[in-house]
Every structure is written in C-alpha cells, then in structure tokens.
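Chain and residue survey
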Amino acid sequence: MAGFRTSDRSPVAEGRLAGPLIVTEDVELLDDLLRLCAAAGAEPEVHHSVPERRGGWESAPLVLVGDDAALRCRSATRRRDVLLVGRDQDDPDVWRRAVEIGADCVLRLPDAESWLVDRIADVAEGVGRQALTVGVIGGRGGAGASTLACALAVTAARQGLRTMLVDGDPLGGGLDVLLGGERVEGRRWPDFAASKGRVAGGALEESLPRLHDLRVLSWDRGDCVLVPPEAMRSVLAAARRWCGVVVVDLPRRVDEGVAEALAQLDVGLLVVPGELRAVAAAGRVASTVGMVLPDLRAVVRGPYATGLDDSWVADALRLPLVGELPKEPGLLAAQESGAPPGASARGPLARFCAAFWDRALVGAGAGDGSVTA
C-alpha cells in the first residue's frame, strides 16, 4: 500500500496563541471587532492607543487598528500583520493613514467581515498542516464500514493522535451508539446544520462528545437527516485544522453534502465483502465516488466466494488494495458490553488499523498530506 506524508499538528488547545491586539476608541467599531473575534474563537487585547507596556505592540500576533486610532499609532514600531479597519467606504485619506502606520492592508466592514474572521481564526488556532482525513465507505449495505471507521479512530487516539470521528451517514443509526456514548452530552450534527463560513476548530472540539479519547460528531435521534454542503464544508475544514487525524464514515449515496465531504478527503477506503454481488455493488459505488475522490482504495472482507480472494476483488474494482479486513471473534459481544471496535489493542482489527496508520503517517511532522509511492 502507498503511504501518505502528513503531520500531527501540535495540540493548539493546550497552548492557544494570543489573540489580536485591537486599538480603537470607536465603540461601534470595537463591538464589531469583538463580535468577529468571538466568531473566530479568539480573545483579543483592547487598547485606545499603542500599549504603554514594552513589547505589547511588537509581540501581538495581529494588530487591528481602527480608523480613529491611526493618528495615535504613527509612532509605533513598524511591523508586519497590522490591519487598518473602518466602516467608511468613501474615505479618500484611508490609504495615506495606512501607509503612515505601515499597515499591510485596509479593511472595510461589513464587506471584509468573512475574510477578517478567517484571519483572526488563523491567529487563534495557529496555522499548521491539515489533518490526514480518511473516509470509509461500504461497498454494499452491512459491509462493515462503520465498524472500520470506529476502529481506525479508536486506534489513532490510542496512539496519541488528536482524533475526530465524523458520522456522515444520517441513516446509519449514529456512531455514538456504536461507541456506547449516545447519552453523553455534546453537540450533534443538527446543531451544525445552519453553519456557514468559518467554524473555530477549538470551539468545535470542545462542543463534541469525548468518547474513548477522541471527539465524535454523530447524529441525534431526531428527524434531521441532511447536512447542507456549506455546513459540511465548514465543519470538516475546522476539524482538519484542529486534528492530527479525521475519520469520516460515509454513506453509499452521494448528495451535495457527501460530495463536499469526499472533496476534503485525502483517501477513501471502500470496504467490500468477498462475494460477487458485493463486488458488483461496490463497482457502482466506486464509479460514483471516484468522480469526486481521486484516491479510493479497497479493503476486502471475508469469507470469500469460491475462486475469490482480496487481490481478485481489488483487481476487479481496479482499485489499490489496502489489505484484508480481519475477522475479530467476540466483536459483537464486546460492543454489547460497551467496548468499541478496535478497543482491544491486541485484537486483529486493532492490529490492522495500527498497521494502516503506521503506513499512512509517514514521518510524523513532515509532509503535506499528499500521497507518496
């Protein structure tokens, strides 16, 4: 199997960077900037002029100077990451003031709000490589995709990786149930259905149920069965910025929301039972998914029909073979007692998942998430 080069981003939550420095006396503008900082998950420091304490201006990761404060900031040390912010769209002198304080750019609210939230969030969360994101899809119903997705996430978390498991199948019954955490407090997909724009990664992580040392975004037992593509894009982007590993359990159908999820995957694993009818069904799934996801690979599960093995199935689907998904005796009984798939580190399923991560996470801290030979 080919590997992936990626990095496990450092856990920013334990060492959150300082928020931006805001310099303004304009109460209305300050209210706007505080609202945007809250949306980005940042805690700013506010001053009416350049801070008197030594290094306050120089050490801030981002400085937001209100139009009203530009004159008071002309003597400040020249530095990067200074933004001049205001609301007057027709001010002819704004660029002169920006040059006088050495601002990188001029922003006008409300037009620049979305861009500014992203910029502030980059400061609050830190800018690092995105998480390795793996999608798991069943070649047919009951193939074992959800079991594999849970086991991959549990194994990654056990290896110390910051891990998020995302349930992308609203009709699957809920991965929180499979993990024995349906009663654990935390937000579910319906809470994010209206999400647009940027979601703060730290806020997302803190809001989700924590089960078996990983964060889980699953479904509740309500009637909501659709994630708009904007919400899927926002939530997965936040997860990828915040985690080292994101595992997404996906349905076999491809609607707009699922297509958005597929577009954010580094690799997809298609779980295929070793029987002819399953291979035929998986072929249709692979054809549909392959229109969005270029890197799809086969995980084959026995028992096999006569004349079939894992290599034959992968060849028939024209997909690279990850390997044979092992059978784990007592898996159902373990789940009934509250143990998730992959809970036993010495079990065959956990060993399969550990071997996958060992190959996938090539050179921790190096690379960019791209596939290598």
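Here we summarise the structure given alongside this text. Predicted model only: the values in this text are computed from it and were never measured. (Residues numbered from 1 in each chain as written. Predicted model: local features only at pLDDT ≥ 70, side-chain atom pairs only at ≥ 80, totals over all residues. Heavy atoms only, no water.)

Structural notes on the side chain of glutamate 328
Considering the arrangement of structural elements, one finds glutamate 328 in the loop between β14 (321–325) and α12 (331–336). Salt bridges are absent for the buried glutamate 328, whose nearest opposite-charge side chain, arginine 351, sits at 7.5 Å. Contact partners of glutamate 328, with chain neighbours within four places excluded, come to Ser344, Gly347, Pro348, Leu349 and Ala350. (Helix = DSSP H or I, 4+ residues; strand = E, 2+ residues; numbered from the N terminus. Buried < 20%, exposed > 50% of the residue type's maximum accessible area, 1.4 Å probe, protein only. Lys, Arg positive; Asp, Glu negative; His and termini not counted. Salt bridge = Lys/Arg side-chain N within 4 Å of Asp/Glu carboxyl O. Contact = heavy atoms within 4.5 Å.)

Notes on the pairing of strand β5 (residues 82–86)
Counting buried positions along β5 gives 5 out of 5 residues, so the element sits mostly inside the fold. Of the two faces of β5, the one carrying Val82, Leu84 and Gly86 and the one carrying Leu83 and Val85 are both buried. Note that strand β4 (residues 63–66) and β5 share 4 bridges and pair parallel. Following the sheet pairing, valine 65 is matched in β5 by leucine 84. With 4 bridges joining them, β5 and strand β6 (residues 105–108) adopt parallel strand pairing. (Pairing = 2+ DSSP bridges.)

Some words on the nonpolar core
If you look at the biggest cluster of nonpolar residues, it comprises 42 residues, and the most contacted ones within it are Trp189, Leu204 and Leu270. Sorting the residues of this core by element identifies β8 (163–167), α8 (229–242), β11 (245–250), α9 (256–263), β12 (267–273), α10 (276–289), β13 (296–301) and α11 (310–317) as the ones contributing at least two each. Here leucine 204 is in contact with Met164, Phe192, Val199, Val235, Ala238 and Ala239, once residues within four sequence places are set aside. With 36 residues, the next largest nonpolar core counts Ala143, Leu175, Val247 and Leu325 among its residues. (Core = buried A, V, L, I, M, F, W, Y, C linked by side-chain atoms within 4.5 Å.)

Observations concerning the sheet that holds β13
Here we have 8 strands laid out as an open sheet, ordered β9-β10-β8-β11-β7-β12-β13-β14, and mixed in their pairing. Among the strands making up the open sheet, the edge pair consists of β9 (210–211) and β14. Looking at chain direction, β8 and strand β10 (residues 214–217) are connected through 3 bridges and run parallel. Bridging from a neighbouring strand, methionine 164 pairs with arginine 215 of β10. Across the sheet, α11 lies against β12, β13 and β14, angled at about 140° from β14, the strand it touches most. Against the sheet, helix α13 (residues 348–360) makes contact with β7 (132–138), β11, β12, β13 and β14, and its axis sits at roughly 165° relative to β14, the strand it touches most. (Axes fitted to C-alpha atoms, helices over the stretch in contact; angles between N-to-C directions.)

Function cannot be read off these values alone, since they describe shape.
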